[in-house]
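Each chain, letter by letter, is given below.
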Amino acid sequence: MKKYILALTSLFVLSCKHENNPIQKIEIGNYESVFKSFEKKNDTLYVVNFWATWCAPCIEEMPHFTKANSTFKNDKFKMILISLDRAKDFESKMKPFLKENNIIADTYLLDDNTRMNTWIPLINKQWDGKIPVTAFYKNGEQIGFVPNTLNYETLEKIINQNL
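Worth saying up front: this structure is predicted, and the values here are computed from it rather than measured. (Residues numbered from 1 in each chain as written. Predicted model: local features only at pLDDT ≥ 70, side-chain atom pairs only at ≥ 80, totals over all residues. Heavy atoms only, no water.)

**Concerning the overall build of the protein**
Check the secondary structure of the protein and you find six helices and six strands. The N-to-C order of helical and strand elements in the protein reads α-β-α-β-α-β-α-β-α-β-β-α. Looking at the 163 residues of the protein, the share that counts as buried comes to 40%. Sequence-distant contacts, at least 24 apart, represent 72% of the contacts inside the protein between residues at least 6 apart. When the accessible area of the protein is evaluated, it comes to approximately 9800 Å², of which 53% is carbon and sulfur surface. (Helix = DSSP H or I, 4+ residues; strand = E, 2+ residues; numbered from the N terminus. Buried < 20%, exposed > 50% of the residue type's maximum accessible area, 1.4 Å probe, protein only. Contact = heavy atoms within 4.5 Å. Areas by Shrake-Rupley, 256 points an atom, 1.4 Å probe, with all protein chains shown as cover.)

Right, here's the structure in full:
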């Protein structure tokens, strides 16, 4: 009987924990599937950062995005990280990087390099393809674009202005 009660208690604790911490998505996708995650017509602010594990400035700014994701997790806010790593590095580099750095945000590896010239200008006509880049979306529309690294203060200011 004690084992049964202990098992039920454990399941209850795990289910409560799950409600407070939704499951993080870590997926490989193409332009059409990945972009559906942030081009939604709702009042959530989507912060979409394009990065890669081989990009030193991307790695330097990642703690700022992690901190913002934690700070604003209870607001109408969603952090989405889009990796431009190679698909073959998904398991060996990208996923271990996320785990080692305690990055908890929906993360996609965009495996659509053959069509980069098609989707890059759809993000922003000013984007030349260099990373890091961050775009901000609300109600299905882009409301901001930063074509370089962000520090925490600037990121926090942009988020607060658009929540």
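**Some points on the nonpolar core**
Of all hydrophobic cores here, the largest spans 48 residues; its most connected members are Phe35, Phe38, Val47, Phe50, Trp119, Ile123 and Trp127. Tallying contributions element by element places strand E2 (residues 45–51) first for this core, with six residues. Ile123 has contacts with Phe35, Phe38, Phe50, Ala135, Tyr137, Gln142 and Phe145, leaving out every residue within four places of it along the chain. (Core = buried A, V, L, I, M, F, W, Y, C linked by side-chain atoms within 4.5 Å.)

**Re the environment of Asn69**
As for its position among the elements, Asn69 is in helix H3 (residues 56–71). Taking the C-alpha atoms as reference points, Asn69 and Ile103, separated by 34 residues in sequence, lie 9.1 Å from one another. Those residues in contact with Asn69 that lie beyond four places of it in its chain are Phe77, Met79, Ile104 and Ala105.

**Looking at H3**
Under the 1.5 Å per step criterion, the end-to-end length of H3 is 24 Å for 16 residues, consistent within 8% with the ideal 22 Å. In H3, a bend of some 35° at Met62 exceeds every other bend along the element, and Pro63, a proline, comes one to four places later. Residues of H3 that are buried in the fold lie against E2, strand E3 (77–83), helix H4 (90–100), strand E5 (133–138) and helix H6 (152–162). (Expected span 1.5 Å × (residues − 1). Bend = angle between axes of the 7 residues up to and from the residue.)

**As for the state of the cysteines**
Following the criterion strictly, the structure yields one disulfide and no others. One disulfide in the model links Cys55 with Cys58; its S-S distance is 2.3 Å. Across the S-S bond linking Cys55 and Cys58, the dihedral sits near 75°, which makes this disulfide right-handed. (Disulfide = S-S within 2.5 Å.)

**Overview of the packing of aromatic side chains**
A full pass over the atoms with the stated rule returns 10 aromatic pairs. Note on Tyr31 and Phe35: the rings are 4.2 Å apart at their centroids and 50° apart in plane angle, and the pair reads as tilted. Within this pair, Tyr31 and its partner Phe35 are both found in helix H2 (residues 31–35), separated by four residues, close to a single helical turn. Judged by relative accessible area, Tyr31 falls into the buried class, the value being 17%. For Phe35, a relative accessible area of 2% puts it in the buried group. Three or more aromatic residues joined by ring pairs make a cluster, and in this case those are Tyr31, Phe35, Phe38, Phe50, Trp119, Trp127 and Tyr137. (Phe/Tyr/Trp six-rings, centres within 6.5 Å; stacked < 30°, edge-to-face > 60°.)

**Structural notes on the environment of Glu27**
Among the secondary structure elements, Glu27 is positioned in strand E1 (residues 26–29). With a relative accessible area of 37%, Glu27 lands in the partly exposed category. Each C-alpha atom, one on Glu27 and one on Lys95, is 9.6 Å from the other, the two residues being 68 residues apart in sequence. If we ignore the near neighbours within four places in the chain, the residues touching Glu27 are Phe90, Thr107, Tyr108 and Leu109.

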